[in-house]
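Working through the structure, step by step
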Amino acid sequence: MMSETISGGHLVAKALKAEGVEVIYTLCGGHIIDIYDGCVDEGIEVIDVRHEQVAAHAADGYARITGKPGCAVVTAGPGTTDAVTGVANAFRAESPMLLIGGQGALSQHKMGSLQDLPHVDMMTPITKFAATVPSTERVADIVSMAFRECYHGAPGPSFLEIPRDVLDAKVPLEKARIPEAGRYRASTRQAGDPEAIERLADLLAHAEKPAILLGSQVWTCRATDAAIDFVRALNVPAYMNGSGRGTLPPGDPHHFQLSRRYAFTEADLIIIVGTPFDFRMGYGKRLSPTATVVQIDLDYRTVGKNRDIDLGIVGDAGLILSAAAQAASGRIGDAAAKRKSWLDELRAVETQAYEKRLPRQFSDAQPIDPYRLVHEINEFLTEDTIYIGDGGDIVTFSGQVVQPKSPGHWMDPGPLGTLGVGMAFAMAAKQARRDKEVLCLFGDGAFSLTGWDFETMVRFDLPFIGVVGNNSSMNQIRYGQAAKYGEERGRVGNTLGDIRYGDFAKLLGGYGEEVRDPAEIRPALERARQSGKPSLINVWVDPEVYAPGTMNQTMYK
Ligand SMILES: Cc1ncc(C[n+]2csc(CCOP(=O)(O)OP(=O)(O)O)c2C)c(N)n1
Ligand SMILES: [Mg+2]
């Protein structure tokens, strides 16, 4: 009797299915088509995009939105090199995804086959795991291994290349190792050293002016409830960054944003959760030198890096915050209530900063003040709108003003600062969460890097509200250039055409509008919402004004 056989591509699909992956993002190539055939059998959706960078960013975005690893499948050579930026972005953003790249047949190894490149060598420094699949029998096995590796320490991407003959060959089913769902990897949630938790509880019980920063890992660990319970029970003001934004809703008494520098200068206890001391934190230099600093992180290597700390705890943000709050509750006495004056002090700083900016947010100026645009967007967001920022200066403006209304509803590239993530994140967010509204603010420069994938949004019926803050420039770069070389030379290499992106949307089958009058921003956003289509509202903003963050050049300090 002939035994049943299975091909490499079908084994990939079985391994993806076991991991719970419901969709792959891809751009086709002869090296990888057997994976598509396997996906058809396993009921995995195949979303084909217009550029592999978008496929990889979408896999990153899918991971962030769903909590499951994302997967992108690209062909050998240029398909894989096009995806490098997406993998690199996921690497810096600690996002678990698997990139599968094609490869020439093993039988033609190093003979100069079509699209042959040393992919594994290229991917090794920007992944947690990169390998070649050596035989068809082991395809599913190595895919499951790659997923396991994604969750070692802080999560991140893995890469596999599958040679064409390995992928296409069929092997007897019983010879292939096919790991079963839920049986090939364990939870990596770590509760933290109990002694360290005790010390943190003591610090919390005695601090007069504590402050906490809830970073991206609060979302990665789905620690929202634990974080909220912590700040409320212990009466600790909270600042949020990255994917941690939205952990507390705007207006919550413990939600602070504009007084962060003041708080980190005045606090006596600063707890940094799930965010490295990288450029966004001034490498830790902007924390009071006399404060007690506690750092909690999934990655041992992040704790104490760039700045000394008083206490480090490695593990899951939710488990650690819950345990610390629990341990502190018995010994805190009236210390929590006594922090009221500290919270009032911060609220006053917060309100002052807010009021100072308010006139700009209501500005009727034409061309439009970017503050007015981001203000209108903030007012327009609902509890179910996932907000994505993809651009330079315009997104820096939005970082101050836009407040997501729910946890997990803020997406930015992360510390790689990659322009061009927006369309891919919108694609993944809408596809994974059809019940959500998706709004993406693009700079015109950022949009044009990956904008053709607007067509993919139309083709797969993925409605979203796209807003282009159009200043016909790469303004964030122009600012520093003009300051250094003068206005004229400051224009070299950063000036874009006056493009009507609203028309571009219509050309590709979406909804589009041009907005020059600030009073028209809100109605245009409403019409985009009503259209039920992928949309682009092209808002002409003043190219001569810059966000304070850009003017301070904080990213380079
Ligand atoms: C892929 C990539 N290329 C280049 C840069 C450098 N860069 C940072 S901001 C910026 C300007 C972006 O222009 P735009 O999106 O129009 O936003 P604006 O600053 O004009 O508001 C550039 C080119 C980058 N971060 N990522
Ligand atoms: Mg621009």
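Along each chain, numbering runs from 1 in the same order as the chain's sequence is written. A letter from A marks each chain and a number from 1 marks each ligand, given out in the order of writing. Only residues with pLDDT of at least 70 are given local features in this predicted model, and only at 80 or more are side-chain atom pairs given and counted; all residues enter the totals for whole chains, interfaces and linings. Only heavy atoms go into the side-chain values, all of them from the structure, while hydrogens and water stay out.

**Thoughts on the overall build of the protein chain**
Check the secondary structure of the protein chain and you find 23 helices and 19 strands. A compact globule built from 557 residues should have a C-alpha radius of gyration of about 24 Å, and the protein chain, at 24 Å, falls within 12% of that. Along the three orthogonal principal directions, the C-alpha set of the protein chain runs to about 80 × 60 × 45 Å. Summary of the burial criterion: residues with accessible area below 20% of their type's maximum are buried, those above 50% are exposed, and those between are partly exposed, where the area comes from a 1.4 Å probe applied to protein chains only. For the protein chain, the proportion of its 557 residues judged to be buried stands at 59%. We call two residues contacting when some pair of their heavy atoms lies within 4.5 Å. Restricting to contacts in the protein chain with at least 6 residues of sequence separation, those with at least 24 account for 75%. All accessible areas in this document rest on Shrake-Rupley with a 1.4 Å probe, and a residue is counted as covered only by the protein chains that are shown. On the protein chain, roughly 22100 Å² of surface is accessible, and the fraction owed to carbon and sulfur atoms is 52%. Of the charged side chains in the protein chain, 57 are positive and 70 negative; the average position of the first set lies 2 Å away from that of the second. Working definition: helices are DSSP H or I runs of at least four residues, strands are E runs of at least two. Numbering for both runs from the N terminus. In this treatment the radius of gyration is a C-alpha quantity, and the globule benchmark scales as 2.2 Å times the residue count to the 0.38 power. The charge count treats Lys and Arg as positive and Asp and Glu as negative. His and the chain ends do not count. Charged side chains are reduced to one point each, which is NZ for Lys, CZ for Arg, CG for Asp and CD for Glu.

**Here's the deal with the coordination of the magnesium ion (ligand 2)**
Note that water is not among the atoms used; donors are N, O and S atoms within 2.8 Å of the metal (3.2 Å for Na, K and Ca), so sites may look incomplete. Coordination sphere of the magnesium ion (ligand 2), protein contribution only: Asp 444 (OD), Asn 471 (OD1) and Ser 473 (O), at 2.0 to 2.1 Å. All donor residues of the magnesium ion (ligand 2) come from one chain, and their arrangement in sequence is D-x26-N-x1-S. The class for Ser 473 is buried, based on a relative accessible area of 2%.

**Things to note about the nonpolar core**
Counting residues in hydrophobic clusters, the biggest one holds 50 residues, and the most contacted among them are Tyr 25, Leu 99, Phe 464 and Leu 536. If near-sequence neighbours (up to four positions away) are discounted, Phe 464 is found in contact with Met 423, Ala 426, Val 438, Cys 440, Phe 442, Phe 454, Met 457, Lys 533, Pro 534 and Ser 535. Among the buried residues, those of types Ala, Val, Leu, Ile, Met, Phe, Trp, Tyr and Cys that are joined through side-chain atoms within 4.5 Å form a nonpolar core.

**Details of the sheet that holds strand E15 (residues 410–411)**
Only when DSSP finds a minimum of two bridges between them are two strands counted as paired. What the six strands build is an open sheet, ordered E15-E14-E16-E17-E19-E18; its pairing is parallel. At either end of the open sheet lies a strand with only one pairing partner, and these are E15 and strand E18 (511–515). As judged from the five bridges shared by E18 and strand E19 (residues 534–540), these two strands associate in the parallel manner. Its bridge partner lying in E19, Glu 514 is registered against Asn 538. Its contacts with the sheet put helix H16 (residues 393–401) on strand E14 (385–390), E15, strand E16 (437–443) and strand E17 (464–470), and the angle it makes with E16 is roughly 130 degrees. To obtain each axis, a line is fitted to C-alpha atoms, and for helices this fit is confined to the stretch in contact; angles are then taken between N-to-C directions over 0 to 180 degrees. Lying on the sheet, helix H17 (residues 422–432) is in contact with E14, E15, E16 and E17; it crosses E16 at an angle near 180 degrees.

**A word on the pairing of strand E9 (residues 210–214)**
Summarising burial for E9: five of the five residues are buried, a large majority. By the alternation rule, side chains of E9 split into Pro 210, Ile 212 and Leu 214 and Ala 211 and Leu 213, which are all buried. Pairing analysis gives five bridges linking E9 to strand E11 (residues 269–273), with the strands arranged parallel. What sits directly across from Ile 212, in E11, is Ile 271.

The quantities given are spatial measurements derived from coordinates; they are silent on function.
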